[in-house]
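Spelled out from the first residue to the last, the chains are:
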Amino acid sequence: MKKRTSNLVKRTISVAVAAVMTAGLLIGCGNKEENTGTTVTETTVSESGLEPVSLVFWLRNEPKEDQEKVMEAFCEKYREELNLESITFNYIAAGDYTDKMTSLAAAGDDYDSCYVADYMNFAKMSENHALLPLQDLLPQYAPTLWKTYQDMGLIKSCSVDGDLLAMPWTRSKVGKKTILWRQDIADKLGVDMSNITTIEDVDRVLTEIAPKLPAGMYAFNIGNSANELMELMKARDGLSAVSNYDFSYDIAAGDNAMIPLEQTQAFRDAAYYGKKWYDEGITEKNALSNQDSINDSKNGKCFMWVNTVESWYEGWKLNVEGEVGFTNLYPDSLAVFDSPMNNAMGINVNCKNPERVLMLFELLNTNEEAYDMFMYGMEGEHYVVNDGVLEYPEGQDATNSKYMGWFYWGFVRDKFDKATATYTDEVKQNLTDWHNKETNVMAPLVGFTPNMDAVKTELAQRTQLINEQRPLVLLGAYEGSSDEAVDKYTEDCKAANVDAIAKHLNSEAQKFVNQ
């Protein structure tokens, strides 16, 4: 197996010592200024011996107006600690992020760090050896952050083949899916939304309310990949998914056996309700082509939608007038804490100054004032503090904020997180109470990132089937019964040698557990 390497790991002279030597040489040259006729400019080496460098990060989503302004002030304020000339953030739209970052890595670009996540680009970038191993560098240049990760038990979940490849955020999340709905619409139409705990209850209220909804509103948002029902069924059965491959395992079984999702009862039941609701007009007929379906719930175009339990506790809000209702479906089913690799930062294997990236991360983990400036901006200009809560200044809100609310997920350190107008102390307490429920457990395969080189051909065939057939089966856009559609899809997957993928995944999972 190809091993990741870095010239930095082999260095025996620290950057600081090298910088001091360089400064000494510059001073020596300065003594000869009259003889050479050369004008020596003032050195910018800091008192700590650090040479000035610039850092470049790649993130998803979009920049804020004052990103450059805040980073310029940050670099100036912490010049002695970091001596950074600049910090540049480049952004890529979420839908394009994985492909474009893969291309940058393949081209040998020497950017410094990028956002990585298990649901996006981490697996591909680790397989392509595009991320720098950090297990030797982190203890040296970011010792308190290294200890934080050790104390929280995060090292293994961010490692591949023994190499630590990412620095995750430190906020806990439980991503169990459930349903939210327009309570004001239900009240107006006289539909009782109490005691909804199962998919049968959901079916009952949707069947009742669908014919009564006002024009322009549909009953259930199944999503443009028709996957939302599948998420509810996985939550019902306590299944934890393996990213990108459409496999899952039973959390409670204890054997970590990888099962193709199409072979589970959860998939069959999702297809059944998908077909039923499609035929009855409960879901959109053009759901697969609705590229804005993710916003339909906020914009008042659907009655019911799927989101996480956490989204409710975080204060999920509409963009229109109305009241939101919520229930925790299958409250006794097991749910798993999200992998810390949901939000993390990796360092480019071609990065020229990885030690300076790590020093920045160490500063953000130890200096609360630096963290606040980096994450929220400058007080008075980008936020104001009222009774300990960070709020937008007058004239700014979430839609036009000049800085606060940028895509900083990979940098979050829970111990320094501030209460904001949306992330209040009450929200934080509600989330803590939710996380402490006994039904929430740590998945045995959290952070599992298998090497899939041995089954690349089979994965390509499976990916094609997942993209072409799976959405139609789950949406119900076909003639005949849902069982017939699931059976055909399952057989097509078997013909594409899904069993070989399952065998390989189970072998990789066993290796991971035994690490």
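Fair warning: this is a prediction, and the values are worked out from it, not measured in the lab.

Q: Provide a residue-level description of the overall build of the chain, including the pertinent values.
A: A tally of helices and strands in the chain yields 21 helices and 18 strands. Here the chain has a C-alpha radius of gyration of 26 Å; the compact-globule value for 515 residues is 24 Å, and the two agree. With the C-alpha coordinates of the chain rotated into their principal frame, the extents come out at 90 × 55 × 40 Å. Residues classed as buried in the chain amount to 53% of the 515 residues present. Summarising the internal contacts of the chain: among those between residues at least 6 apart in sequence, 77% fall at separations of at least 24. For the chain, the exposed surface amounts to about 23600 Å²; the carbon and sulfur share of it is 48%.

Q: Please give an account of the environment of Ser 339 that cites residues and values.
A: By secondary structure assignment, the location of Ser 339 is in the loop between strand 14 (335-336) and strand 15 (344-347). Overall, Ser 339 belongs to the buried group, its relative accessible area being 10%. A sequence separation of 76 residues divides Ser 339 from Lys 415, and the C-alpha atoms of the two residues are 18 Å apart. At 3.5 Å, the side chain of Ser 339 forms a polar contact with the side chain of Asp 118.

Q: Pulling in residues and values, what's your account of unusual backbone geometry?
A: Positive phi outside glycine occurs at Asn 61, with the angle close to 80 degrees. Within the secondary structure, Asn 61 is located in the loop between strand 1 (53-60) and helix 3 (67-77). Backbone geometry places Asn 83, a non-glycine residue, at a positive phi of 50 degrees. Residue position: Asn 83 is located in the loop between helix 4 (79-82) and strand 2 (84-92).

Q: Can you break down the sheet that holds strand 13 (residues 324-327) residue by residue, with the values?
A: Spatial ordering of the open sheet is given by 8-12-7-13, a layout of 4 strands whose pairing is mixed. Each having just a single partner strand, strand 8 (218-220) and strand 13 make up the two edges of the open sheet. Put simply, the sheet's adjacent strands are angled 30 degrees from each other on average, direction ignored. Direction of pairing for strand 7 (residues 177-182) relative to strand 13: antiparallel, over a ladder of 4 bridges. Within the sheet, the bridge partner assigned to Leu 180 lies in strand 13 and is Phe 326.

Q: Account for helix 10 (residues 199-209), with residues named and values stated.
A: When we look at burial in helix 10, the residues that qualify are Ile 199, Asp 201, Val 202, Asp 203, Val 205, Leu 206 and Ile 209. Structurally, helix 10 contributes buried residues whose contacts are with strand 7, helix 9 (183-189), strand 8, helix 11 (228-237), helix 12 (265-279) and strand 12 (302-308).

Q: Any chance you could break down the pairing of strand 10 (residues 247-250) for me, citing the residues and the numbers?
A: One ladder, built from 4 bridges, connects strand 9 (residues 239-242) with strand 10; its direction is antiparallel. Paired with Ser 240 across the strands is Tyr 249, a residue of strand 10. In the sheet, strand 10 pairs with strand 11 (residues 259-260) via 2 bridges, with the strands oriented antiparallel. Pairing of Ser 248 across the sheet is with Ile 259, part of strand 11.

Q: Can you explain the pattern of salt bridges? Please cite residues and give values.
A: According to the stated counting rule, one finds 24 salt bridges in the structure shown. With a closest N to O distance of 2.9 Å, Lys 276 and Asp 203 form a salt bridge. Pair noted here: Lys 276 is in helix 12 and Asp 203 is in helix 10, with a separation of 73 residues, a long-range link. Between Lys 418 and Glu 368 there is a salt bridge whose closest N-O contact spans 2.8 Å. Residue Lys 418 is found in the loop between strand 17 (389-391) and helix 17 (425-435), and its partner Glu 368 is found in helix 16 (residues 368-376); the two are separated by 50 residues along the sequence.

Q: So what's going on with the packing of aromatic side chains? Which residues, and what values?
A: Tallying each qualifying case throughout the model produces 29 aromatic pairs. Aromatic side chains Phe 374 and Phe 411 sit 5.1 Å apart centroid to centroid with 65 degrees between the ring planes, which places their arrangement in the edge-to-face category. Placement of Phe 374 in helix 16 and of Phe 411 in the loop between strand 17 and helix 17 is noted, with a sequence separation of 37 residues between them. The same class applies to Phe 374 and to Phe 411, which are both buried.

Q: Talk me through the environment of Ala 219; I want residue IDs and the actual numbers.
A: Relative to the helices and strands, Ala 219 is located in strand 8. Taking relative accessible area as the criterion, Ala 219 reaches 1% and is therefore assigned buried. Each C-alpha atom of the pair Ala 219 and Thr 198 lies 17 Å from the other, and the pair is 21 residues apart in sequence. Excluding its chain neighbours within four sequence positions, the residues that come into contact with Ala 219 are Leu 206, Ala 210, Leu 213, Ile 282, Phe 303 and Met 304.

Q: Break down the side chain of Thr 327 for me, with residues and values.
A: As for its position among the elements, Thr 327 is in strand 13. Leave out the neighbours within four places in its chain, and Thr 327 touches Thr 178, Ile 179, Trp 181 and Ile 196.

Q: I'd like a description of the nonpolar core, backed by residues and values.
A: In terms of nonpolar packing, the biggest core is built from 77 residues, with Phe 57, Phe 74, Ile 87, Phe 89, Phe 374 and Phe 411 touching the most fellow members. The element best represented in this core is helix 15 (residues 354-366), accounting for 7 residues. In this view, Phe 374 contacts Met 71, Phe 74, Ile 87, Phe 89, Leu 360, Leu 364, Tyr 403, Trp 406 and Phe 411; residues no more than four positions away in its chain are not counted.

Q: Could you give me a rundown of helix 18 (residues 456-468), with the residues and numbers involved?
A: Over its 13 residues, helix 18 runs 18 Å from end to end, which matches the ideal 18 Å to within 8%, given 1.5 Å per residue. All of the buried residues along helix 18 are Glu 458, Leu 459, Arg 462, Leu 465 and Ile 466. In a view along the axis of helix 18, the buried residues occupy a sector of 125 degrees, so they form one face of it. Away from the buried face of helix 18 by more than 90 degrees, exposed residues Lys 456, Thr 457 and Asn 467 are located. Elements in contact with the buried residues of helix 18: strand 10, strand 11, helix 19 (470-475), helix 20 (482-495) and helix 21 (498-514).

Q: Go over the sheet that holds strand 9, please, and point to the residues and values.
A: Strand order in the open sheet made by the 3 strands is 9-10-11, with antiparallel pairing throughout. The sheet is open, and its two edges are formed by strand 9 and strand 11, each paired on a single side.

Q: Before we move on, can you summarise the packing of helix 8 (residues 143-152) against helix 15 with the specific residues and values?
A: Their axes nearest at 8 Å, the elements helix 8 and helix 15 cross at an angle of 70 degrees. Between helix 8 and helix 15, the angle is such that the two are roughly perpendicular. On the side of helix 8, the interface is formed by Pro 143, Thr 144, Leu 145 and Thr 148, while helix 15 contributes Phe 361, Glu 362, Asn 365 and Thr 366. In terms of residue class, the contact of helix 8 with helix 15 is built from 3 nonpolar, 4 polar and 1 charged.

Q: Go over the side chain of Asn 221, please, and point to the residues and values.
A: When you line up the elements, Asn 221 lands in the loop between strand 8 and helix 11. Overall, the relative accessible area of 7% leaves Asn 221 in the buried class. When near neighbours in sequence (up to four residues on either side) are disregarded, Asn 221 contacts Glu 228, Ser 293, Asp 296, Ser 297, Cys 302, Met 304 and Trp 305.

Here is what the cut-offs are and how they apply
- Residues numbered from 1 in each chain as written.
- Predicted model: local features only at pLDDT ≥ 70, side-chain atom pairs only at ≥ 80, totals over all residues.
- Heavy atoms only, no water.
- Helix = DSSP H or I, 4+ residues; strand = E, 2+ residues; numbered from the N terminus.
- Rg over C-alpha atoms; globule rule 2.2 N^0.38 Å.
- Buried < 20%, exposed > 50% of the residue type's maximum accessible area, 1.4 Å probe, protein only.
- Contact = heavy atoms within 4.5 Å.
- Areas by Shrake-Rupley, 256 points an atom, 1.4 Å probe, with all protein chains shown as cover.
- Polar contact = N/O pair within 3.5 Å; in protein donor to acceptor, adjacent residues only side chain to side chain.
- Pairing = 2+ DSSP bridges.
- Axes fitted to C-alpha atoms, helices over the stretch in contact; angles between N-to-C directions.
- Salt bridge = Lys/Arg side-chain N within 4 Å of Asp/Glu carboxyl O.
- Phe/Tyr/Trp six-rings, centres within 6.5 Å; stacked < 30°, edge-to-face > 60°.
- Core = buried A, V, L, I, M, F, W, Y, C linked by side-chain atoms within 4.5 Å.
- Expected span 1.5 Å × (residues − 1).
- Arc of directions from axis to C-beta.
- Parallel < 35°, antiparallel > 145°, perpendicular 65-115°, else oblique.
- Nonpolar A, V, L, I, M, F, W, Y, C, P; charged D, E, K, R; others polar.

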